[in-house]
Amino acid sequence: MASESSPLLAYRLLGEEGTALPLNGAGAPGGASAQKLSTFLGVVVPTVLSMFSIVVFLRIGFVVGHAGLLQALAMLLVAYFILALTVLSVCAIATNGAVQGGGAYFMISRTLGPEVGGSIGLMFYLANVCGCAVSLLGLVESVLDVFGTDATGPSGLRVLPQGYGWNLLYGSLLLGLVGGVCTLGAGLYARASFLTFLLVSGSLASVLISFVAVGPRDIPLTPRPGPNGSSLPPRFGHFTGFNSSTLKDNLGAGYAEDYTTGAMMNFASVFAVLFNGCTGIMAGANMSGELKDPSRAIPLGTIVAVAYTFFVYVLLFFLSSFTCDRTLLQEDYGFFRAISLWPPLVLIGIYATALSASMSSLIGASRILHALARDDLFGVILAPAKVVSRGGNPWAAVLYSWGLVQHFGSMARLLAPAQLVLLAGKLNTLAAVVTVFYLVAYAAVDLSCLSLEWASAPNFRPTFSLFSWHTCLLGVASCLLMMFLISPGAAGGSLLLMGLLAALLTARGGPSSWGYVSQALLFHQVRKYLLRLDVRKDHVKFWRPQLLLLVGNPRGALPLLRLANQLKKGGLYVLGHVTLGDLDSLPSDPVQPQYGAWLSLVDRAQVKAFVDLTLSPSVRQGAQHLLRISGLGGMKPNTLVLGFYDDAPPQDHFLTDPAFSEPADSTREGSSPALSTLFPPPRAPGSPRALSPQDYVATVADALKMNKNVVLARASGALPPERLSRGSGGTSQLHHVDVWPLNLLRPRGGPGYVDVCGLFLLQMATILGMVPAWHSARLRIFLCLGPREAPGAAEGRLRALLSQLRIRAEVQEVVWGEGAGAGEPEAEEEGDFVNSGRGDAEAEALARSANALVRAQQGRGTGGGPGGPEDGDTEGPTTALTFLYLPRPPADPARYPRYLALLETLTRDLGPTLLVHGVTPVTCTDL
């Protein structure tokens, strides 16, 4: 075996995880197999075989020869430290519940969700398929190194014909053998694994004994061609027996060219080969469905297997350093055969481990594929893999994987059918990619355990407790670091592939009943930060609107629902609804079943809102409940939004809105039925309302008493769709947002410019202008002057204030109070007509005059102010939305109908209008 140059050996790709398979095939309860495996047979044996593989025979000399004993031991410690961190995570997850078929895929998908789990599961499947193909190719090359007619080693038997066709035939025959064992079921595979374990153990025992029993000898090395094809003199390596001088020479590093590929070795390349040779730690965890006591067997068996393999590796490192010179270690990676008491036993061990690796890869790939198909993440493409035998064996998935391995093996042979070294190099590169895929899965398992630990979910209480979030986090970082150390290109490509697959699965949609740890993490973090959000530390600089929109029927309120979403400016947005009733007279709470429909409404409308529903004998009392208890901690509504109370016939916006005109796909899991079936049709014109005019105004008064701001929206359905969209929107025609920050129901202009409520109007209008759909609209502020006030003074003060508040707007002065206020004595008490004792006719006349004033300004251009070009020639109204000052409701409830009538007159035919009353300071000139 001196000429060993198999591509299998440079990177170990022997389908480690594949051995971890339930014997009933499907991995689910209820399989036909009643066999239960012990800790030794179910965990220790498959894990040891997966972690040993062929590398234990053919890469010990490579590592020690190039790195030296000290660096080799350091590499081994680092590699096993990285693997041990993942072992702790695997044990924790495996002992927190039943792990079904699919192993790592099942753990990841049920923790991180189908998007991440499905993408990594598919990559893990491909890694096992490629590992099986490369294992068989490497096995064929190893056999031909000894028995092939073109064998170059000094001890080759040269009986098997070689060539592309012959090599492909040998690989196909071996794959047929492997596929037959796997197709017959995991039970036969388990028995074959135990037989393989005995053969490997016997072979290793003979090697260990040979180190002691065999005397010093010279071992011929593979001849190298000289210059111009001439032959060089024979060269020999030396087995010195236990010798302190040999150990001293082998302590330090001596990196040189790899005689199988000609590449110059270094610390990273040797470490990568060693690390690839000791993975396979999930073999026992995947057998959980077939273990007698999984919660005990998985931690104990995995840890025993890891410790045992580590001890054997260390022992072989020491024995090789004590007895073999560096020339032998670097020039003959298969020197175990040359020093063995019975060389054929070493060959048996090499071939047994290669066959075991290919079987474990194939059967592991089939179980992963079956789990992916059963979860229906990739649709009909993987549907055939769902078929199982009567005993639960997924034979269709085995055949599916067998065909893919056969195809891959043929394609790999075509890479370099006649040049063994070139083939070795290409397969080594492929081996690095597959190993990176394994590491992605390991990192995801660590991330799953880390997420569960950080989420602090009460149901995460694994019986295995020798882990912490520190070990999980270190495991994730270590796996990612190792990925980029082995192959930066493969690492980046694997992460990109995972992202693309996750995006595909997200777009396709997946199961929603698995329970995602992301929700638990969000809950944990939100609760923590809500506790830190202290309302006593609020500052006006960081004020933002936190809206409670009361909705009776969303069919008629859809435009207002979207307009309120634009006004929130990253603040809290709650959709509130009051169901009339008394819980004492009802058999169950009628509110709870409604949440699903409202949440579907939020999803379809694409608004960022919470839903809060309540049951109350009246809408007014329900509104009080919602104003008091909606939100949590420092995130509670500070502004009540209501639709306007008028006689306009309600419209059914579900019939015209594209998001609601098409029914939802009810065939997809987790989707909701069409919302048209969840909400009743709009109220017919003339039918009784759930809320009386008296209670409507009383609700506004209640909100102001609770120190909540109030916004009343009228005719929001007249807004063009592009103004309510989430995109940049805008039209070719110029639009304005008009703000009237003074109370128009005062007979004169009132204070010189604005008060707290007026500043609140300015703030809300400015917030709306920050929304992309309103960027093109120009803000106009109308400043009302009394008939005797000199123009310019108030405007100058307002412009100075706007400059300090960083609000870009045009200011226009208009004279107000000239008609309605004329003849009023100067000593007459200030105040609006709503709260004064003046007659209804006079108040109505003032409201009509104010309405006419506003409508007159809506149709006028700005004359080329700083907001843009002149638009005086624009046809029709140019105002898209009007903000008006909302007076306080009168103190006497008997005047509520009069108050509502004045508001109706004030806003009649104004188009989309927001009546706003603010009670809290919201602007600040400080940095």
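This text follows the structure it describes.
Residues numbered from 1 in each chain as written. Predicted model: local features only at pLDDT ≥ 70, side-chain atom pairs only at ≥ 80, totals over all residues. Heavy atoms only, no water.

Q: Is there a simple way to explain the nonpolar core in this structure?
A: Where a protein is soluble and globular, its nonpolar side chains tend to be buried together. Among the nonpolar cores identified, the biggest contains 145 residues, and Phe57, Phe211, Leu316, Phe317 and Phe336 are the most heavily contacted of them. In this structure, Val697, Ala777, Leu783 and Tyr899 belong to the second largest nonpolar core, which totals 111 residues. (Core = buried A, V, L, I, M, F, W, Y, C linked by side-chain atoms within 4.5 Å. Buried < 20%, exposed > 50% of the residue type's maximum accessible area, 1.4 Å probe, protein only.)

Q: Help me understand helix H2 (residues 39–52), please; the structure alone is not making it clear to me.
A: Since the α-helix turns once every 3.6 residues, residues separated by three or four places project in the same direction. For H2, built from 14 residues, the straight-helix expectation of 20 Å at 1.5 Å per residue is met to within 8% by its first-to-last C-alpha distance of 18 Å. Within H2, 12 of the 14 residues are buried, which leaves the element mostly enclosed by the surrounding structure. Ser53 sits one or two positions beyond H2 and adopts a positive phi of about 55°. (Helix = DSSP H or I, 4+ residues; strand = E, 2+ residues; numbered from the N terminus. Expected span 1.5 Å × (residues − 1).)

Q: Got a minute to help me understand the packing of helix H6 (residues 114–147) against helix H18 (residues 488–508) in this structure?
A: What describes two packed helices is the angle between their axes and the distance between those same axes. Put simply, H6 and H18 touch, their axes get as near as 8 Å, and they point 130° apart. By the angle between their directions, the pair H6 and H18 is classed as oblique. Once H6 is placed against H18, the crossing between them reads as right-handed. Between H6 and H18, the residues in contact are Pro114, Glu115, Gly118, Ser119, Ile120, Leu122 and Met123 and Ser494, Leu497, Met498, Leu501, Ala502, Leu505 and Thr506, respectively. Per-class residue counts for the contact of H6 with H18 are 9 nonpolar, 4 polar and 1 charged. (Axes fitted to C-alpha atoms, helices over the stretch in contact; angles between N-to-C directions. Parallel < 35°, antiparallel > 145°, perpendicular 65-115°, else oblique. Left-handed = near helix turned anticlockwise from the far one by under 90°. Contact = heavy atoms within 4.5 Å. Nonpolar A, V, L, I, M, F, W, Y, C, P; charged D, E, K, R; others polar.)

Q: Before we go on, may I ask you to explain the packing of aromatic side chains in this structure?
A: Inspection of the entire model under this criterion finds 19 aromatic pairs. For the pair Phe52 and Tyr313, a centre-to-centre distance of 5.8 Å together with 75° between the ring planes defines the contact as edge-to-face. Of this pair, Phe52 sits in helix H2 while Tyr313 sits in helix H11 (residues 294–323), and the two are 261 residues apart along the sequence. Here Phe52 falls in the buried class, since its relative accessible area comes to 1%. Both rings, one in Phe460 and one in Phe467, keep their centres 6.1 Å apart while their planes meet at 75°; by these two values the pair is edge-to-face. In this structure, Phe460 and Phe467 share a single accessibility class: buried. (Phe/Tyr/Trp six-rings, centres within 6.5 Å; stacked < 30°, edge-to-face > 60°.)

Q: It is not clear to me how unusual backbone geometry should be interpreted in this structure. Could you clarify?
A: Outside of glycine, negative phi angles account for most residues, and trans bonds account for most peptide bonds. Of note, the phi angle at Asp376 is positive, near 55°, even though the residue is not glycine. Following the sequence through the fold, Asp376 ends up in the loop between helix H14 (343–375) and helix H15 (395–415). Classification of Asp376 by relative accessible area gives partly exposed; the value is 35%. Even without being a glycine, Gln606 presents a positive backbone phi close to 60°. Topologically, Gln606 is positioned in the loop between helix H21 (595–605) and strand S5 (610–616).

Q: So what exactly am I meant to see when it comes to the sheet that holds strand S9 (residues 778–785) here?
A: Strands belonging to one sheet form pairs held by backbone hydrogen bonds; the direction of such a pair is parallel or antiparallel. With mixed pairing, 10 strands are arranged side by side in an open sheet as S5-S4-S3-S6-S7-S12-S11-S8-S9-S10. Taken across any chain shown, the strands that pair with only one partner, and hence form the sheet edges, are S5 and strand S10 (810–815). Ignoring strand direction, the axes of neighbouring strands in this sheet form an average angle of 25°. Pairing geometry for strand S3 (residues 547–550) and strand S4 (residues 573–580), over 4 bridges, is parallel. (Pairing = 2+ DSSP bridges.)

Q: It is not clear to me how the layout of surface pockets should be interpreted in this structure. Could you clarify?
A: Taken as a whole, the largest pocket spans an internal volume of roughly 1,300 Å³. Forming the boundary of the largest pocket are 39 residues, of which Gly552, Gly556, Gly643, Phe644 and Arg689 lie nearest the centre. Mapped onto the lining of the largest pocket, the elements with two or more residues apiece are helix H20 (554–567), S4, strand S6 (639–643), helix H24 (693–705) and strand S7 (709–714). A total of 4 residues in the lining of the largest pocket trace back to one element, the largest contributor, which is H20. Partitioning the lining of the largest pocket into residue classes produces 24 nonpolar, 11 polar and 4 charged. (1 Å grid on protein atoms, 1.4 Å probe; cavity = no way out; pocket = protein on both sides within 12 Å on 5 of 7 lines; lining within 4 Å. Points joined across faces, edges and corners; volume = space filled by probe spheres on them.)

Q: What should I look at first to understand helix H17 (residues 469–486) in this one?
A: Here H17 contains 18 residues, and its C-alpha end-to-end distance of 26 Å stays within 8% of the 26 Å for a straight helix at 1.5 Å per residue. Every buried residue of H17 is accounted for by Thr471, Cys472, Gly475, Val476, Ser478, Cys479, Met482, Met483 and Ile486.

Q: Which parts of the structure should I look at to understand the pairing of strand S11 (residues 879–885)?
A: The element S11 is extensively covered by neighbouring structure, given that 7 of its 7 residues are classed as buried. Taken together, the 5 bridges between strand S8 (residues 736–740) and S11 define a ladder with parallel strand orientation. Bridging from a neighbouring strand, His736 pairs with Thr879 of S11. Crossover S11 to strand S12 (residues 913–917) through helix H28 (residues 896–907) is right-handed. (Right-handed = clockwise from strand over helix to strand, strands pointing away.)

Q: Even after reading the chapter, I still don't get the pairing of strand S2 (residues 236–239), so can you show me in this structure?
A: In regular strands, side chains alternate between the two faces of the sheet. Only one face of S2 is buried, namely the one carrying Gly237 and Phe239, since none of Phe236 and His238 on the opposite face is buried. Relative to S2, strand S1 (residues 217–220) is paired through 4 bridges, and the arrangement is antiparallel. Across the sheet, residue Asp218 finds its bridge partner in S2, namely His238.

Q: Explanation requested: the pattern of salt bridges in the structure shown.
A: When charged atoms on two side chains of opposite charge get close, those side chains can pair. By the definition in use, this model includes 9 salt bridges. A salt bridge links Asp652 to Arg555; the shortest N-O distance between them is 2.5 Å. Of this pair, Asp652 sits in the loop between S6 and helix H23 (658–661) while Arg555 sits in helix H20, and the two are 97 residues apart along the sequence. Here Asp652 matches Arg555 in class, with each residue buried. Ionic pairing is found between Asp702 and Arg620, a salt bridge with its closest N-O pair at 2.7 Å. Here Asp702 is found in helix H24, whereas its partner Arg620 is found in helix H22 (residues 619–629), with 82 residues between them in sequence. Classification of Asp702 by relative accessible area gives buried; the value is 6%. For Arg620, a relative accessible area of 28% puts it in the partly exposed group. Among the ionic contacts, a cluster of salt bridges with common partners joins Asp646, Arg714, Glu904 and Arg908. (Salt bridge = Lys/Arg side-chain N within 4 Å of Asp/Glu carboxyl O.)

Q: I tried to follow a nonpolar patch on the surface on my own but got confused; where do I start?
A: A cluster of nonpolar residues, Phe40, Leu41, Phe194, Leu195, Leu198, Leu199, Ile209, Leu341, Trp342 and Ile348, forms a patch on the protein surface that exposes about 920 Å² of accessible area. Those elements that provide at least two residues to the nonpolar patch are H2 and helix H8 (186–213). The greatest single-element share of the nonpolar patch, amounting to 5 residues, is contributed by H8. Residue placement: Leu41 occurs in helix H2. You can call Leu41 partly exposed: its relative accessible area is 39%. (Patch = residues over 30% accessible without salt bridge, like charges linked within 9 Å, V, L, I, M, F, W, Y side chains within 5 Å. Areas by Shrake-Rupley, 256 points an atom, 1.4 Å probe, with all protein chains shown as cover.)

Remember, this is a structural readout, not a statement about activity or role.
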